[in-house]
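Summary of structural features
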There are 2 protein chains.
Amino acid sequence: MTQEGIMTETEVITYVKATLDFFDETAELACTEIGDGNLNYVFHVVDQASDRSLIVKQAGSVARISDEFIVSPDRNRIETEILRLQGTLAPGYVPEVYHYDGEKNCVVMEDLSDYTILRKALLEQRQFPELAEHLSTFLVETLVSTSDLVLNHKEKKELVKSFTNPELCEITEDLVYTEPFFPHPRNDVFAGTRPYVEQEIWGDNRLALETAKLKFHFLTHAQALLHGDLHTGSIFVTPTETKVIDPEFAFYGPAGYDIGNLIANFIFAYVHSGYTSEGAEQESFQAYILETIETLVDSFRTKFVLAFEAKATEPVARYEGFLEHYLAGVVEDAIAVAGLELCRRVIGIAKVADLTSITDEQARTEAEITCLTLGKTFILERANYQTGSSITDAIKGVPPYAGNH
Amino acid sequence: MTQEGIMTETEVITYVKATLDFFDETAELACTEIGDGNLNYVFHVVDQASDRSLIVKQAGSVARISDEFIVSPDRNRIETEILRLQGTLAPGYVPEVYHYDGEKNCVVMEDLSDYTILRKALLEQRQFPELAEHLSTFLVETLVSTSDLVLNHKEKKELVKSFTNPELCEITEDLVYTEPFFPHPRNDVFAGTRPYVEQEIWGDNRLALETAKLKFHFLTHAQALLHGDLHTGSIFVTPTETKVIDPEFAFYGPAGYDIGNLIANFIFAYVHSGYTSEGAEQESFQAYILETIETLVDSFRTKFVLAFEAKATEPVARYEGFLEHYLAGVVEDAIAVAGLELCRRVIGIAKVADLTSITDEQARTEAEITCLTLGKTFILERANYQTGSSITDAIKGVPPYAGNH
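Residues numbered from 1 in each chain as written. Chains lettered and ligands numbered in written order. Predicted model: local features only at pLDDT ≥ 70, side-chain atom pairs only at ≥ 80, totals over all residues. Heavy atoms only, no water.

Okay, the overall build of chain A next. On a plain count of helices and strands, chain A comes out with 14 helices and ten strands. Out of the 405 residues belonging to chain A, those deemed buried represent 62%. Residue pairs at least 24 apart in sequence account for 73% of intrachain contacts in chain A once pairs closer than 6 positions are excluded. Of the roughly 15300 Å² that chain A leaves accessible, carbon and sulfur atoms contribute 49%. Side chains of chain A carry 32 positive and 64 negative charges; the gap between the two charge centres is 5 Å. (Helix = DSSP H or I, 4+ residues; strand = E, 2+ residues; numbered from the N terminus. Buried < 20%, exposed > 50% of the residue type's maximum accessible area, 1.4 Å probe, protein only. Contact = heavy atoms within 4.5 Å. Areas by Shrake-Rupley, 256 points an atom, 1.4 Å probe, with all protein chains shown as cover. Lys, Arg positive; Asp, Glu negative; His and termini not counted. Charge placed at Lys NZ, Arg CZ, Asp CG, Glu CD.)

So, about the state of the cysteines. All names here are of chain B. Scanning the model with the defined rule gives zero disulfides over all chains in all. Left without a disulfide partner, Cys31 is nearest to the cysteine sulfur of Cys106, which lies 11 Å away. With a relative accessible area of 11%, Cys31 lands in the buried category. (Disulfide = S-S within 2.5 Å.)

What follows deals with unusual backbone geometry. Glycine aside, a negative phi is what most residues show, and trans is what most peptide bonds show. At A:Asp51, a residue that is not glycine, the phi angle is positive and equals roughly 65°. Take A:Asp51: it is sitting in the loop between β2 (40–47) and β3 (52–59). Owing to a relative accessible area of 64%, A:Asp51 belongs among the exposed residues under this scheme. Phi angles above zero are rare outside glycine, and B:Asn105 is one such case at about 50°. As for its placement among the helices and strands, B:Asn105 is situated in the loop between β4 (97–101) and β5 (106–110). Given the relative accessible area of 19%, B:Asn105 is considered buried.

Turning to the pattern of salt bridges, a few remarks are in order. Residues and elements named next belong to chain B. Taken as a whole and assessed by the stated rule, the structure comprises 48 salt bridges over all chains. Across the pair Arg364 and Glu368 runs a salt bridge whose closest N-O atoms are separated by 2.9 Å. Linking Arg364 with Glu368, this pair stays in helix α13 (residues 361–380), spanning four residues, or about one helical turn. (Salt bridge = Lys/Arg side-chain N within 4 Å of Asp/Glu carboxyl O.)

Now for the domain arrangement of chain A. Residue and element names in this part refer to chain A. In terms of domain boundaries, chain A breaks down into domain 1 (9–110) and domain 2 (116–396). In this assembly, domain 1 packs against domain 2 so that about 2400 Å² is buried in total across both faces, 66% of it on carbon and sulfur atoms. Across the contact surface, domain 1 and domain 2 share one salt bridge. Among the ionic pairs, Lys57 bridges to Asp246, the shortest N-O distance being 2.4 Å. The interface formed by domain 1 and domain 2 contains six residue pairs in polar contact (both at pLDDT 80 or more). Classifying every residue of the side of domain 1 that touches domain 2 gives 14 nonpolar, five polar and seven charged. (Domains from an automatic or database assignment. Buried area = accessible area lost by both parts, 1.4 Å probe. Polar contact = N/O pair within 3.5 Å; in protein donor to acceptor, adjacent residues only side chain to side chain. Nonpolar A, V, L, I, M, F, W, Y, C, P; charged D, E, K, R; others polar.)

Turning next to the environment of B:Val16. Residues and elements named next belong to chain B. The topology assignment puts Val16 in helix α1 (residues 9–19). With 13 residues separating them along the chain, Val16 and Leu29 place their C-alpha atoms 9.6 Å apart. In contact with Val16, not counting residues within four places along its chain, are Phe23, Val45, Leu54 and Val56.

Mapped onto the secondary structure, A:Leu327 falls in helix α11 (residues 322–347). Taking the C-alpha atoms as reference points, A:Leu327 and A:Gly375, separated by 48 residues in sequence, lie 21 Å from one another.

So, on to helix α7 (residues 194–201) of chain B. Residue and element names in this part refer to chain B. Listed as buried for α7 are Tyr196, Val197 and Ile201. All buried residues of α7 lie within an arc of 100° about the axis, which places them on one face of the element. Where α7 is buried, its residues touch α8 (205–220), α11 (322–347) and α13. (Arc of directions from axis to C-beta.)

Moving on to the relation of the copies chain B and chain A. Overlaying chain B on chain A yields an RMSD of 0.0 Å, the required transformation being a rotation through 180° with an accompanying axial translation of 0.0 Å. Viewed as a symmetry operation, the transformation between the two copies matches a two-fold axis. (Least-squares fit on C-alpha atoms with pLDDT ≥ 70 in both.)

This brings us to the side chain of A:Lys215. Position of A:Lys215 relative to the elements: it lies in helix α8 (residues 205–220). The buried category is assigned to A:Lys215, whose relative accessible area is 3%.

In this section: the interface of chain B and chain A. Taken together, the contacts link 39 residues of chain B with 39 residues of chain A. Carbon and sulfur atoms make up 68% of the area that chain B and chain A hide from each other, which totals about 3500 Å². Our enumeration of links across chain B and chain A arrives at six salt bridges. The residue B:Glu170 makes a salt bridge to A:Lys154 at a minimum N-O spacing of 3.0 Å. The tally of links between chain B and chain A comes to twelve residue pairs in polar contact (both at pLDDT 80 or more). When contributions to the side of chain B that touches chain A are tallied by element, the ones reaching two or more residues are α5 (153–162), α6 (166–175), α8 and α11 of chain B. Sort the elements by how many residues they give to the side of chain B that touches chain A and α8(B) lands first, with ten residues. Each residue belonging to the side of chain B that touches chain A can be placed in one class, and the counts come to 16 nonpolar, ten polar and 13 charged.

Among the residues making up helix α14 (residues 388–396) of chain A, those that are buried are A:Gly388, A:Ser390, A:Ile391, A:Thr392, A:Ala394 and A:Ile395. Buried-residue contacts for α14(A) involve α9 (257–276), α10 (279–311), α11 and α13 (361–380) of chain A.

Take the packing of aromatic side chains next. Applying the stated criterion to the full structure yields 24 aromatic pairs over all chains. Judged by centre distance (5.0 Å) and plane angle (65°), the ring pair of B:Phe218 and B:Phe251 falls under edge-to-face. Placement of the pair is B:Phe218 in helix α8 and B:Phe251 in strand β10 (residues 251–253), with a sequence separation of 33 residues. With a centroid separation of 6.2 Å and 45° between ring planes, the pair formed by B:Phe285 and B:Tyr288 is classed as tilted. Here B:Phe285 pairs with B:Tyr288, and both are found in helix α10 (residues 279–311), just three residues apart, close to one helical turn. When sorted by exposure, B:Phe285 lands in the same class as B:Tyr288, which is buried. Seen from the ring of A:Phe22, A:Arg52 lies directly overhead, with NZ or CZ sitting 4.0 Å from the centre. When the ring centre of A:Phe190 is taken as origin, the NZ or CZ atom of A:Arg364, which lies over that ring, is 4.1 Å away. (Phe/Tyr/Trp six-rings, centres within 6.5 Å; stacked < 30°, edge-to-face > 60°. Lys NZ or Arg CZ within 6 Å of the ring centre and 35° of its normal.)

Relative to the helices and strands, B:Glu179 resides in the loop between α6 and α7. Excluding residues that lie within four positions of it along the chain, B:Glu179 makes contacts with B:Asp174, B:His184, B:Arg186 and B:Asn187.

Next up on the list: the packing of helix α9 (residues 257–276) of chain B against α13(B). Residue and element names in this part refer to chain B. At a minimum axis separation of 10 Å, α9 and α13 run at an interaxial angle of 150°. When the axis of α9 is compared with that of α13, the two are roughly antiparallel. Like other packed secondary-structure pairs, α9 and α13 cross with a definite hand, here right-handed. Contacts from Ile267, Phe268, Val271 and Tyr275 of α9 reach α13 at Ala363, Glu366, Ala367, Thr370, Cys371, Leu374 and Phe378. Split into classes, the residues belonging to the contact of α9 with α13 amount to nine nonpolar, one polar and one charged. (Axes fitted to C-alpha atoms, helices over the stretch in contact; angles between N-to-C directions. Parallel < 35°, antiparallel > 145°, perpendicular 65-115°, else oblique. Left-handed = near helix turned anticlockwise from the far one by under 90°.)

Once that is clear, we can look at the pairing of β4(B). Residues and elements named next belong to chain B. Here β4 pairs with β5 via four bridges, running antiparallel. Among the inter-strand pairings, Tyr100 is bridged to a residue of β5, identified as Val107. Linking two consecutive strands that pair antiparallel, namely β4 and β5, is a turn of four residues; a positive phi of about 50° is found at Asn105 within it. (Pairing = 2+ DSSP bridges.)

Spelled out as structure tokens, the structure:
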């Protein structure tokens, strides 16, 4: 299904040659559409003679997630601007942007074909020792510098306007904060998991109320410029490098959003391992995931304080006790988002391979209920998980399907 | 000091005749600049033959509050758009807009010369029995309908962008949330009050911390479209009518902001009466003010619930317990803002006549300390005043200068 205005592979080659001097004039380029995401057409352009390559990402007017969500091609402007901003704030952690074309709604950027998508690598139980340090640095550098802690408040308000992102936010509002928590027709619940969902999620008014509070917090709290969709499918890795991609959901929201999303997606990898591997392999990988979560949270806290001390310009933020209050709020928001993500990937329309790839029905049910149990706990008791170890203790302690299998 | 681009009185007459068909072509118009505010030039244009009149409000590029605050003339666009929006949401409670001119940065609107500024009327101890009902209706109709409770979230985000108001917000951020709470050179503390300020306000780290939290809440919480400067000098009254004017500070912020500001300014009138009148006159007026505050808050709550029930479109907002949670947060924010306003009008650069017109030094000191005591209590214990009577009990109970004098 090619949409109007979307280039063919041949047209992409012509476009790249005419627009950039990235390749030699005489280069023989090959182009393949490799998009497997939901929102864009992604062209991989390579000159096999020189081994140079790049990516052309073009937005269609209709989001590929479903015909029900119509998403403006303006998202590629947002993606370009935020990649450039993140590249300045956290150098090396995002792909380089070579060119943006507002007419064609496309962005030309660094090719990361040598990298692996983190979700895929974690499903293969590969370990990346520096990952948590990389991600905590990326998060702190982008979040602190775009918040009112550091940024001049007038400039921040201009950024809030510039990154207002109503259509992509609506997807999150619906798919993360709303539909999973009542019997919405778009939900997609695995048969074995359904009784738990009906009783413990849809049947719990306390939980519903907390999700409503969180939705309004998400709708109103313009705290820092977020990535907005930072799951393990939005991260490219090599053994030594980490790149965060696909920031087209970027907007100003609660600063804990991204890290919460990450925590949940690491938990999916942990749970997956619990039902698809065993023995020393499982033990090693699960220990790695728990350590990654602990380091992610604890290094985030440490680096946040350091970045604050070095950069904060808002004088009242230096009042005694304020930083602790602010950071506790960020972590509380993160735990809540982890809880929402744990639930919505089980119940809602958008799944994760970590769970759907578990072929045994009983195992998948148990894995999903583990995620839901933890998710519900995180939502209801979100203020109680301020340190990495408190989170990993909760993961290890989930009844009745705790830990190793 | 006439600024570049500001019309003379004669030019205003020519402009009005050329632009609107409000007056007869042959009318002999008189024009007087009557501005006593800080931000605009206000021209009163009248045809004495027909007794018809109107107001032309023109923005200078430099705010008249002080040369330190440079304010964009765009504020007149914001004022025009919000007057039109408020006129639709709460008909009859704002002046009618006849014309807006983006070139000249001026707005032509209904003349309210038959009305009195509420602050002045309250200093004369006049009573307006319907005032609290009018104001609670105005607040509920404008706040609920512009929030995510009612408004489509995409449309709301567009309104947030449209009413982003960095320069006017900065004035509030500085003068309300920052400067009064430490020894800033722009503060202006009455000699008798200074020892109390130094010890109980500037010397209290707990209070400083709470003001910092509140400042960040103000900077980040895009909940509803506010008036943004709703004190008793922004309200015009007759015995039966109430008009809210001067919404050029309008922006999306905490929904309790306006009502909190109003509560504080009613308290200033109450305290003023305590030190400038006596006997039955004082008793009657103070009872009126307390009743006005109680009705304002309790009717606001009642009407808020009714408006919510009638208009809310966001399904999760109807979850059991959510409305109570939301409304409690709005009232808590209101009490905090009342506390900030009570302090900043004593300590900061912008004063209120209610206090400065008290000529006896000891009386002024006592009056100011009463305001500060109450303000500090409201900031520190802002969650504890959910009903009108709890607020008025606090007002009546302020030690050591409680009640009547």
